[in-house]
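Survey of secondary and tertiary structure
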Amino acid sequence: MKHHILIIDDEQAICSSLHFALEDEYEVMTTTSPSIGLQYLSEKLIDVVLLDWRLGEIDGLTILEKIKRISPQTAVIMMTAFGTIESSVQAIKMGAYYYITKPLDMKELSLLIQKGIEFQKLNRQVQWFQETLDKVTGYAGIIGKSKAIKQVFHLIDKVKDIDTNVLITGESGTGKELVARAIHSQGKRGNEPFEVVNCAAIPETLLESEFFGYEKGAFTGAVQSKKGKILAANRGTLFLDEVGEMPLHLQAKLLRVIQEREVTPLGSNEKKQVDIRIIAATNRNLMEMVSNGLFREDLYFRLNVIPIPLPPLRDRKEDIPLLLDHFLHQYCEEIGTEKKQFSSEAKKVLFQYHYPGNIRQLSNMIQYAVALSPERMISIEDLPPYLMDNERITQEIKSDPKNDHKSIIIPIGTTIKEAEKQIIQRTLSWCNGHRQKTAKILGISERSLRDKLKHYRT
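These lines cover the structure that appears in this document, whether it is placed above or below. Keep in mind that what you see is a predicted model, and the values were worked out from it rather than measured.

Summarising the element assignment, asparagine 358 is placed in helix α15 (residues 358–372). C-alpha separation for the pair asparagine 358 and proline 312, spaced 46 residues apart in sequence, amounts to 6.1 Å. Setting aside anything within four residues of it in sequence, one finds asparagine 358 in contact with Glu171, Ser172, Gly173, Thr174, Pro312 and Leu313. A polar side-chain atom of asparagine 358 sits 3.1 Å from a polar atom in the side chain of glutamate 171.

Dropping the structure here:
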């Protein structure tokens with residue numbers, strides 16, 4: 001990927017000759033208009049600006065000041081036919097990287113551009129590290145400074161050194177395993193094993209052997225003994241992810257392990273003592289599952305000694321800029337490219353989105369944009385297409401003259417079923433019967449919308 005050079009000079013002949021001299025090595029843009037040059041800077045990531053000292057009646061130092069406000073890390077090389085020590089010192093003080101006198105020596109200019117790019121790279125790295133130190137507050141790799149996430153940090157710090165079981169709850173993608181690892185790594189068991197069992201990812205027929213292990217010959221295919229996750233976590237932490245998916249018969253056996261602190265591998269009569277701390281996580285309502293007979297009440301209370309609820313990303317939106325910068329740096333490093341930036345329009349879309357998939361979804365979005373963006377400035381077009389659909393709908397709602405009539409008043413006492421019916425029918429009417437747009441606004445599939453409308457007519 002070529003570096004971007006912007007030339008701002010009021011003489012078209014100089015712009016053309018410099019463009020011709022530099023175009024093989026760099027992506028070159030030229031303009032005789034300072035205002036157009038500043039617009040380029042706001043839209044693209046420019047590495048070096050070659051700026052004329054005098055642009056007609058406009059002082060180049062005035063433009064230099066504006067450039068540094070728009071893009072502080074861009075290296076600016078002043079070009080002047082009136083070079084004096086006093087003027088050059090003034091330019092450097094205002095943020096210019098260097099200056100060069102006309103007529104230009106192309107060898108000297110090429111060297112200055114190369115050094116300017118190196119200087120700009122270093123500045124961006126320093127800026128990123130400084131922002132990381134100054135802005136990103138967090139705990140053991142968990143990024144955030146919002147009030148909601150600070151409460152989570154407080155709870156982690158309180159429980160990390162005690163052996164009480166912890167239940168982490170929250171929507172999918174909120175970082176439950178990251179919190180579990182933080183509790184383990186920052187506490188007194190941090191140097192001991194951290195074993196993970198995803199109760200939703202392992203087939204039910206294999207889950208018991210995964211937990212308890214087995215002896216050689218315990219069943220067909222058991223050609224050698226295997227230590228289960230419980231024994232593997234001895235002296236450390238056992239993390240039960242998606243614990244709500246654990247079958248009832250296994251819940252009873254896990255309860256016995258918690259009560260008696262011992263485990264018996266399949267095919268063995270020997271009980272083995274274990275010292276483990278259990279951290280469980282779920283995105284389901286376990287208390288409701290208890291009421292429905294899907295989760296053991298006694299196990300629920302054994303696991304839910306200290307609950308840690310994780311906030312969804314929509315409730316901690318002040319953390320989005322920090323997360324954007326973190327993931328942007330991470331994925332740029334992974335693919336071996338210089339750090340990219342988001343355009344102001346792309347940032348606006350990312351800040352306004354509601355993130356049903358939470359941090360995991362945001363991470364995937366940034367990975368998508370970094371991989372597919374051809375430029376170092378990530379634009380709206382580089383974001384996942386469904387984001388664009390969401391933004392267009394938002395803009396249509398804001399700009400539509402019918403906006404003042406889009407409220408739906410639902411009296412107290414209205415049933416959930418009737419409220420849903422009113423919301424769907426009024427939204428469909430507002431969209432002039434356009435089902436696709438209605439489904440997108442309501443956040444449901446077109447098929448679900450069609451089924452609901454059919455149900456209302458029956």
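There is more to say after this.
Turning to the packing of helix α2 (residues 34–43) against helix α3 (residues 60–70), a few remarks are in order. What describes two packed helices is the angle between their axes and the distance between those same axes. Contact pair α2 / α3: the axes reach a minimum separation of 10 Å and the direction vectors enclose 15°. Considering the angle they form, α2 stands roughly parallel to α3. In the crossing of α2 with α3, the sense of the turn from one axis to the other is right-handed. Along the contact surface, α2 presents Pro34, Leu38, Leu41 and Ser42, while α3 presents Ile63, Lys66, Ile67 and Ile70.

Relative to the helices and strands, aspartate 47 resides in the loop between α2 and β3 (48–52). Reaching out from aspartate 47, the side chain makes a polar contact with the side chain of histidine 3 at a distance of 3.4 Å. Discounting chain neighbours no more than four positions away, the residues touching aspartate 47 are His3, His4, Thr74, Ala75, Ile117, Gln120, Arg124 and Arg376.

In the structure shown here, the tally under the stated rule is seven aromatic pairs. Pairing tyrosine 97 with phenylalanine 119 gives two aromatic rings, centres 4.9 Å apart and planes at 35°, and the pair type is tilted. With tyrosine 97 in the loop between α4 (85–93) and β7 (98–101) and phenylalanine 119 in helix α5 (residues 106–134), the pair connects residues that are 22 residues apart, well separated along the chain. Between tyrosine 353 and tyrosine 355 the ring centres are 4.9 Å apart and the planes differ by 85°, which places this aromatic pair in the edge-to-face class. Neither tyrosine 353 nor tyrosine 355 differs from the other in exposure class; each is buried.

So, how was this worked out
Residues numbered from 1 in each chain as written. Predicted model: local features only at pLDDT ≥ 70, side-chain atom pairs only at ≥ 80, totals over all residues. Heavy atoms only, no water. Helix = DSSP H or I, 4+ residues; strand = E, 2+ residues; numbered from the N terminus. Contact = heavy atoms within 4.5 Å. Polar contact = N/O pair within 3.5 Å; in protein donor to acceptor, adjacent residues only side chain to side chain. Axes fitted to C-alpha atoms, helices over the stretch in contact; angles between N-to-C directions. Parallel < 35°, antiparallel > 145°, perpendicular 65-115°, else oblique. Left-handed = near helix turned anticlockwise from the far one by under 90°. Phe/Tyr/Trp six-rings, centres within 6.5 Å; stacked < 30°, edge-to-face > 60°. Buried < 20%, exposed > 50% of the residue type's maximum accessible area, 1.4 Å probe, protein only.

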